[in-house]
Amino acid sequence: MSDAPITSTSRSPGPATSGAGVGGPNGTTEDTITSTKAPETEHPPKGDGPGSGNSKTVTRPGDRIFSSLASGSAIFITVVIAAIGAFLIWRAVPALSRNQVNFLTSREWVTQNINAMAFGVLDLFQVTVLVSLFALVLAMPIALGIAIFLTSYSPKWLTRPLSYTIDLLAAVPSIVYGLWGLLVFAPAITPVAVWLNDTLGWFPLFADGSGSITGGGTIFTAGIVLAVMILPVITAVTREVFIQTPRSQIEAALALGATRWEVVRTTVIPFGKSGYISGSMLGLGRALGETMALYLILRTTSQAFGWSLFDGGSTIASKIALGYAEFNNDIQAGAYIAAGLVLFVLTFVVNAAARAVIAGKKD
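Residues numbered from 1 in each chain as written. Predicted model: local features only at pLDDT ≥ 70, side-chain atom pairs only at ≥ 80, totals over all residues. Heavy atoms only, no water.

Some words on the overall build of the chain
Across its full length, the chain holds 10 helices and five strands. Taking the contacts inside the chain whose residues are at least 6 apart along the sequence as the reference set, 69% of them involve residues at least 24 apart. Counting every atom, the chain has about 21,000 Å² of accessible surface; 64% of that belongs to carbon and sulfur. (Helix = DSSP H or I, 4+ residues; strand = E, 2+ residues; numbered from the N terminus. Contact = heavy atoms within 4.5 Å. Areas by Shrake-Rupley, 256 points an atom, 1.4 Å probe, with all protein chains shown as cover.)

Structure representation (structure tokens):
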């Protein structure tokens, strides 16, 4: 179809005006108006397209399948976690009903006679918290330094093999860490432990404890080994977040004359702070549930826990491993399941606290 200009005429009453048009009969003036017709546009066919009046969203089969699988997985995991909690409560109630002391505040653990059971989780809880926090305090700054080096300072030829080496530490079985800590690391660290005890013994954290400093069966030794175990987890998460720092922000800081450390301090660390905290909480979660390494390193003791790094004792997880011989009796096993329930709740509290901290950092 041709888009040539179309000329139309209109008649209006009034005298003729010079240059306005051509005079016509009866005192009318013919004004010539020239307009250009807009080109015709091809309309999309009627149907379900975005421009149609009866448009509707078309979901492809692959999208429906993926959405169903994702929703089903979330529901399944929630149901499994709820079932685990219900199972722990169900199996713990018979033992708790026979307990003759307060489960949360008692330091005793006597479960051999099901008619005179007296067990409490206070010492186990305190040892678990102290050894995990000690490991976390040691691992966090080292993991942060490694992540900064790998993302901002390390040459490219070194970054990849060093990253793989650190990640491989997470694949080492915990029992190997336990044997290494007991047979190799404990004798090597003994002089340092003795020096700390002699020099800072006035401080409760380094005071004489119930453990054997020379034997290495203390929270001090176990915490350092545990720090090595959780180091790859924190480092890997932190490194991956630091890599995602927008390149434009880094280049802007460099353009303003910032040094490499100033770039890290003003752009990389603020951007990856939430990821760093998330990785630390993941490491803390592993530390709280670690069993075999602490089972081998920590020496059990009947003395009350005194919040010293040179104390012995058992964590909740290692205590459950120590009591495996009593699991053939449902009532006795229920006492250990009740301790496991405390660890289960503690893990939820740690995760909830981590999410609250991360949400605050984002705000």
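More follows now that the structure is in view.
Some thoughts on empty space enclosed by the protein
Counted by the stated rule, this structure contains one cavity of 30 Å³ or more. Taken together, Ala-186, Ile-189, Thr-190, Ala-193, Ile-213, Gly-216, Thr-218, Phe-220 and Thr-221 make up the full set of residues lining the largest cavity. Of all elements in the fold, only helix H4 (174–199) and helix H5 (219–243) reach the threshold of two or more residues within the lining of the largest cavity. Looking at the lining of the largest cavity residue by residue, the classes come out as five nonpolar, four polar and no charged. (1 Å grid on protein atoms, 1.4 Å probe; cavity = no way out; pocket = protein on both sides within 12 Å on 5 of 7 lines; lining within 4 Å. Points joined across faces, edges and corners; volume = space filled by probe spheres on them. Nonpolar A, V, L, I, M, F, W, Y, C, P; charged D, E, K, R; others polar.)

Section: H4
Residues that lie three or four places apart on an α-helix share one face, since the helix turns once every 3.6 residues. Its 26 residues give H4 an end-to-end C-alpha distance of only 32 Å, which falls more than 12% under 38 Å, the value for a rise of 1.5 Å per residue. Of all the bends in H4, the greatest, near 50°, is centred on Phe-185, and the proline Pro-187 appears no more than four residues after it. Those residues of H4 that sit buried are Ser-174, Tyr-177, Gly-178, Gly-181, Phe-185, Ala-186, Ile-189, Thr-190, Ala-193, Leu-196 and Asn-197. Of the surrounding elements, those touching the buried residues of H4 are helix H3 (156–169), H5 and helix H8 (292–297). (Expected span 1.5 Å × (residues − 1). Bend = angle between axes of the 7 residues up to and from the residue. Buried < 20%, exposed > 50% of the residue type's maximum accessible area, 1.4 Å probe, protein only.)

Some words on the environment of Asp-123
Tracing the sequence through the fold places Asp-123 in helix H2 (residues 122–153). For the pair Asp-123 and Phe-305, spaced 182 residues apart in sequence, the C-alpha to C-alpha distance is 6.0 Å. Non-local contacts of Asp-123, meaning those with residues more than four positions away in its chain, are made with Arg-107, Gln-303, Ala-304, Phe-305 and Ser-314.

Quick word on a nonpolar patch on the surface
Among the surface-exposed residues, Phe-76, Ile-77, Val-80, Ile-81, Ile-84 and Phe-348 lie close enough to one another that they form a single nonpolar patch of about 520 Å² accessible area. For the nonpolar patch, the element with the most residues is helix H1 (residues 61–98), which contributes five residues. Mapping Ile-84 onto the fold places it in helix H1. (Patch = residues over 30% accessible without salt bridge, like charges linked within 9 Å, V, L, I, M, F, W, Y side chains within 5 Å. Salt bridge = Lys/Arg side-chain N within 4 Å of Asp/Glu carboxyl O.)

Describing the environment of Ile-166
Examined against the element boundaries, Ile-166 turns out to sit in helix H3. Remark: the alpha-carbon pair of Ile-166 and Thr-235, spanning 69 residues in sequence, is separated by 8.0 Å. With residues near it in sequence (within four places) discarded, Ile-166 still touches Ile-146, Leu-150, Pro-232 and Thr-235.

So, the nonpolar core
Formed by 66 residues in total, the largest nonpolar core has its most connected members in Ile-219 and Phe-220. Looking at which element gives the most residues to this core, the answer is helix H10 (residues 330–362), with 13 residues. Excluding residues within four positions of it along the chain, Phe-220 makes contact with Phe-134, Ile-189, Val-192, Ala-193, Leu-196, Leu-309 and Phe-310. Ranked by size, the runner-up nonpolar core spans five residues in total, among them Ala-147, Ile-148, Phe-242 and Val-264. (Core = buried A, V, L, I, M, F, W, Y, C linked by side-chain atoms within 4.5 Å.)

Quick notes on the packing of H4 against H5
For the pair H4 and H5, interaxial distance at closest approach is 8 Å and the crossing angle is 130°. It follows that H4 is oblique to H5 by the angle criterion. Seen along the crossing, H4 lies across H5 with a hand that is right-handed. Residues Ser-174, Tyr-177, Trp-180, Gly-181, Phe-185, Ala-186, Ile-189, Val-192, Ala-193 and Leu-196 of H4 touch H5, and the partners they reach there are Phe-220, Thr-221, Ile-224, Val-225, Val-228 and Met-229. Its residues assigned to classes, the contact of H4 with H5 shows 13 nonpolar, three polar and no charged. (Axes fitted to C-alpha atoms, helices over the stretch in contact; angles between N-to-C directions. Parallel < 35°, antiparallel > 145°, perpendicular 65-115°, else oblique. Left-handed = near helix turned anticlockwise from the far one by under 90°.)

A short note on the UniProt feature "transmembrane region" (unreviewed entry) in the chain
Here, the residues flagged by UniProt with the feature "transmembrane region" (unreviewed entry) are residues 65–90, 127–153, 174–196, 216–237 and 333–354. With 100% helix and 0% strand, residues 127–153 has its two end C-alpha atoms placed 38 Å apart. Secondary structure content for residues 174–196 is 100% helix and 0% strand, and the end C-alpha separation is 27 Å. (UniProt positions renumbered as here; feature names shortened; annotations may be inferred.)

Some words on unusual backbone geometry
The phi dihedral of Trp-307 is positive, around 60°, even though this residue is not glycine. The class of Trp-307 is partly exposed, set by a relative accessible area of 38%.

Quick notes on the packing of aromatic side chains
In the structure shown here, the tally under the stated rule is 12 aromatic pairs. Plain terms: the ring middles of Phe-220 and Phe-310 are 5.6 Å apart, the flat faces sit at 50° to each other, and that makes the pair tilted. In this pair, Phe-220 is assigned in helix H5 and Phe-310 in the loop between H8 and helix H9 (316–322), connecting sequence segments 90 residues apart. You can call Phe-220 buried: its relative accessible area is 5%. Pairwise contacts between aromatic rings join Phe-103, Trp-109, Phe-119, Phe-327 and Tyr-336 into one cluster. (Phe/Tyr/Trp six-rings, centres within 6.5 Å; stacked < 30°, edge-to-face > 60°.)

Notes on the pattern of salt bridges
On inspection of all chains with the given rule, the structure shows six salt bridges. Here Asp-123 ties to Arg-107 by a salt bridge, and the two come within 2.3 Å at their closest N and O atoms. In this pair, Asp-123 is assigned in helix H2 and Arg-107 in the loop between H1 and strand S4 (109–110), connecting sequence segments 16 residues apart. The exposure class assigned to Asp-123 is buried, which follows from its relative accessible area of 14%. Between Arg-247 and Glu-251 there is a salt bridge, and its shortest N-O distance comes to 3.7 Å. Within this pair, Arg-247 and its partner Glu-251 are both found in helix H6 (residues 247–255), separated by four residues, close to a single helical turn. Classification of Glu-251 by relative accessible area gives partly exposed; the value is 46%. Residues participating in the shared-partner salt-bridge network are Asp-167, Arg-239 and Glu-240.

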